[in-house]
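If you want the building blocks of each chain, they are given just below.
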Amino acid sequence: MTPSLNIANAADGDALLIHAYVDGELDPANAAAVGRTIAADPALTAEVARIEALRRVIHEQLPPAPLPAHLRAKIAATIGERSERTQPSWRQLAASVALAVALGSGATWLALSSWHAPMSTSADRISVAMIDGHIRSLKAAQRVDVASSDRHTVKPWFNGRIPQSPEVVDLAQDGYPLAGGRVDVINTAPVATLVYGRRLHVISLTAIPDASPPQDPTVRRSIKGYNLVHWSHGGVAYWAASDLNTAELIVFANLFHRAASGS
Amino acid sequence: MSDYRKVSFDRIVTPYLAEGFALAQWLSGNRADAEDIFQEACLRAFRGIDSYAGGSARAWVLSIVRRTAYSWLASNRSPSLVAIDDLSANECAYAEQGGSGDIVSSATPEAALIAKADAARLNAAIGALPVTFRETFVLRDMQGLDYREIAEVTGVPVGTVMSRLARARHRLMMTIGTQQP
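Bear in mind that the values here come from a model prediction, so they are computed numbers and not experimental data.

A short note on the pairing of strand E2 (residues 178-186) of chain A
All names here are of chain A.
- Summarising the sheet, strand E1 (residues 146-147) and E2 pair through two bridges and their orientation is antiparallel. Its bridge partner being in E2, valine 146 is matched across the sheet by glycine 181.
- Examined bridge by bridge, E2 and strand E3 (residues 189-198) share eight bridges and lie antiparallel to one another. Of the residues in E3, the one forming a bridge with leucine 178 is tyrosine 196.
- Taking the residues that link successive antiparallel strands as the turn, the E2-E3 hairpin has two residues, and the phi of asparagine 187 there is positive, at about 55°.

Here it is in structure tokens:
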């Protein structure tokens with residue numbers, strides 16, 4: 001959304017825009033303009049620091065609690081027995097993964113795509129889809145749906161948009177600043193993509209829940225100057241697509257991997 | 001038929017049960033009331049599952065919890081606790097006076113103090129917010145909804161969400177970010 005507020009002469013609008021900026025609710029052009037205004041004004045910079053401190057302390061001190069078991073049981077009893085059956089059982093899942101692995105080459109891939117289409121995808125098609133998604137985002141007016149360098153803004157933004165929010169880590173210190181996130185679609189399923197920068201390069205990092213074993217970062221494909229690095233960790237398969245050279249893309253992958261396993 | 005409803009309930013409502021209960025707790029201010037409200041809200045969602053018309057399932061579920069909370073509190077608790085319309089009116093007047101005046105007031109909250117607040121202090125400060133500010137703050141900073149979803153849940157324009165959120169945060173920052181006397 002784009003608030004129709006004039007930052008230059010609306011005092012109240014200023015305050016609201018700063019909140020919208022911190023919340024990742026501004027489009028990239030407005031976000032950049034507001035970001036510059038904030039950077040140039042110590043009072044606004046301090047206000048942003050306070051808003052971020054508030055959000056962080058809430059996040060740390062009052063984390064979301066799971067639904068108490070007795071309430072879940074009461075709801076299930078009221079509604080019926082069905083709520084037990086929403087998720088595929090572990091056994092079904094394992095069977096579908098095993099089937100996918102048995103059916104094709106490129107076991108890792110099929111394990112991940114088996115969630116949606118066990119037999120109809122190949123490793124090549126997913127690699128190409130990842131790179132296509134990256135290129136499409138570079139051509140789009142807006143390469144992220146949520147523009148923010150604050151991981152506490154980007155991670156919760158995914159709640160309710162995809163089944164599982166991705167790990168979001170801050171790699172600005174290492175020269176890979178977070179730019180935001182978006183929802184991509186791979187194999188008809190919505191997936192989380194984080195966007196990082198490296199100098200003038202853009203890195204699209206797609207995270208897909210995946211049952212395959214952990215795997216260290218490796219270069220999977222290089223197509224028309226775009227490189228694709230893949231790794232798996234903690235039940236998630238990661239795909240990093242960029243026109244960045246493979247060496248730095250692998251460095252990025254390792255940094256992300258280390259930070260995500262540490263947190 | 002009811003089997004189909006159960007499947008829909010699991011798909012649409014079940015993923016947001018924990019958030020729904022948390023919202024009921026923040027709105028009612030106590031756990032026992034929240035449990036009653038929450039169970040009634042789930043029943044309403046189940047019965048009304050056919051009225052879910054796409055869009056954010058999360059916003060749909062939370063708006064049912066919110067409406068249930070207000071009607072439950074209105075019939076089971078003293079009106080002073082639930083005077084949502086009065087509060088809205090107050091707050092409108094408040095917002096129309098122009099919001100940012102107190103942001104630059106002499107007592108400036110400090111980020112370092114805010115960062116040190118503990119759970120008890122935060123709970124108390126959030127609980128003391130007027131309910132319209134409280135729900136907006138909880139939906140945004142605790143549950144991570146975006147402005148559009150909050151507008152949908154609370155039934156107000158995005159601009160109102162923005163001003164309530166700014167005021168809620170400002171009050172909290174003043175409460176926890178300035179030295180205690």
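So, the sheet that holds strand E7 (residues 236-242) of chain A
- If you walk across this open sheet you meet the seven strands as E1-E2-E3-E4-E7-E6-E5 (chain A), and the pairing is antiparallel. Two strands close off the open sheet at either side, each with one partner strand: E1 and strand E5 (215-223) of chain A.

Side note on the interface of chain B and chain A
- At the junction of the two partners, chain B supplies 53 residues and chain A supplies 42 residues.
- In total, about 4,100 Å² of surface goes out of reach between chain B and chain A, with carbon and sulfur atoms giving 66% of it.
- Counting every contact that joins chain B to chain A gives five salt bridges.
- At the boundary of chain B with chain A, the tally comes to twelve residue pairs in polar contact (both at pLDDT 80 or more).
- Residue contributions to the side of chain B that touches chain A peak at nine residues, all from helix H10 (residues 158-177) of chain B.
- Residues belonging to the side of chain B that touches chain A are distributed by class as follows: 30 nonpolar, ten polar and 13 charged.

Observations concerning helix H4 (residues 69-79) of chain A
Residue and element names in this part refer to chain A.
- Taken together, the buried positions of H4 are Leu71, Ile75, Ala76 and Ile79. Take H4 and look down its axis: the buried residues cluster within an arc of 135°, on one side only. When the buried face of H4 is taken as reference, the exposed residues oriented beyond 90 degrees from it are Ala69 and Ala77.
- Phi for glycine 80, located one or two positions after H4, is positive at around 130°.

Overview of the confidence of the model for chain B
Residues and elements named next belong to chain B.
- Scored by pLDDT, chain B comes out at a mean of 84, with 81% of its residues at no less than 70.
- Ranking the helices and strands of chain B by mean pLDDT puts helix H8 (residues 131-142) first, with 96, and helix H5 (residues 84-96) last, with 46.
- Counting contacts from residues 83-105, a segment whose pLDDT is below 50, to residues more than four positions away or on other chains yields 26 contacts.
- For this predicted complex, the interface score ipTM comes out at 0.85, alongside a pTM of 0.57.

Topic: the pattern of salt bridges
- Under the criterion given, the structure shown has 19 salt bridges over all chains.
- A salt bridge links Arg55(A) to Asp23(A), with the nearest nitrogen and oxygen atoms 2.9 Å apart. You can see Arg55(A) sitting in helix H3 (residues 42-61) and its partner Asp23(A) sitting in the loop between helix H1 (11-22) and helix H2 (28-39), a full 32 residues away along the chain. For the pair shown, Arg55(A) and Asp23(A) are each scored as buried.
- As a salt-bridge pair, Asp23(A) and Arg140(B) come within 3.2 Å of each other at their nearest N and O atoms. Separated into two different chains, Asp23(A) in the loop between H1 and H2 and Arg140(B) in helix H8 make up a pair that spans both.

Scoring rules and cut-offs
- Residues numbered from 1 in each chain as written.
- Chains lettered and ligands numbered in written order.
- Predicted model: local features only at pLDDT ≥ 70, side-chain atom pairs only at ≥ 80, totals over all residues.
- Heavy atoms only, no water.
- Pairing = 2+ DSSP bridges.
- Helix = DSSP H or I, 4+ residues; strand = E, 2+ residues; numbered from the N terminus.
- Contact = heavy atoms within 4.5 Å.
- Buried area = accessible area lost by both parts, 1.4 Å probe.
- Salt bridge = Lys/Arg side-chain N within 4 Å of Asp/Glu carboxyl O.
- Polar contact = N/O pair within 3.5 Å; in protein donor to acceptor, adjacent residues only side chain to side chain.
- Nonpolar A, V, L, I, M, F, W, Y, C, P; charged D, E, K, R; others polar.
- Buried < 20%, exposed > 50% of the residue type's maximum accessible area, 1.4 Å probe, protein only.
- Arc of directions from axis to C-beta.
- pLDDT = per-residue confidence, 0-100.

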